[in-house]
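Residue-level structure breakdown
Chain by chain, the residues run as shown.
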Amino acid sequence: MQNLDQQKIGRRISFIEKAGNEYYLPPMVVYEDDKFIIFVENLKRSDEEFKKLIQEVVDCVRNN
């Protein structure tokens, strides 16, 4: 799975961080709010634990 963290600036999306291997697959949005958006490629799970991890990533980015 590849994780792409982005920050929204108006209608533009600014790249923040990338993790994992690139699969050249269409990205899926797994989190979006008024300021941030997280895309993933090759997602194989989307359970409560995964959602908790995504929220921890968002909280970490907001605090830095």
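Residues numbered from 1 in each chain as written. Predicted model: local features only at pLDDT ≥ 70, side-chain atom pairs only at ≥ 80, totals over all residues. Heavy atoms only, no water.

**Re the nonpolar core**
Core analysis: the largest hydrophobic core is formed by 5 residues, namely Tyr 31, Ile 38, Phe 50, Ile 54 and Val 58. For this core, the element with the most residues is helix 1 (residues 48-63), which contributes 3 residues. Tyr 31 has contacts with Phe 36, Ile 37, Ile 38, Ile 54, Gln 55, Val 58 and Arg 62, leaving out every residue within four places of it along the chain. (Core = buried A, V, L, I, M, F, W, Y, C linked by side-chain atoms within 4.5 Å. Buried < 20%, exposed > 50% of the residue type's maximum accessible area, 1.4 Å probe, protein only. Helix = DSSP H or I, 4+ residues; strand = E, 2+ residues; numbered from the N terminus. Contact = heavy atoms within 4.5 Å.)

**A few points about the pairing of strand 4 (residues 36-41)**
Among the 6 residues of strand 4, 6 are classified as buried, and the element is accordingly described as predominantly covered. What you see with strand 4 is no split at all: Phe 36, Ile 38 and Val 40 on one side and Ile 37, Phe 39 and Glu 41 on the other are buried throughout. Where strand 3 (residues 28-32) lies against strand 4, 4 bridges are found, and the strand directions are antiparallel. Directly across from Met 28, in strand 4, lies its bridge partner Val 40. The antiparallel pairing of strand 3 with strand 4 creates a hairpin that spans 3 residues between the two strands. (Pairing = 2+ DSSP bridges.)

**Quick look at helix 1**
Across its 16 residues, helix 1 extends 23 Å between first and last C-alpha, which sits within 8% of the 22 Å expected from 1.5 Å per residue. Within helix 1 the residues assigned to the buried category are Phe 50, Ile 54 and Val 58. On an axial view of helix 1, the arc spanned by its buried residues comes to 80°, and they lie on one face. Turned more than 90 degrees away from the buried face of helix 1, the exposed residues are Glu 48, Glu 49, Lys 52 and Asn 63. In this structure, the buried side of helix 1 is in contact with strand 3 and strand 4. (Expected span 1.5 Å × (residues − 1). Arc of directions from axis to C-beta.)

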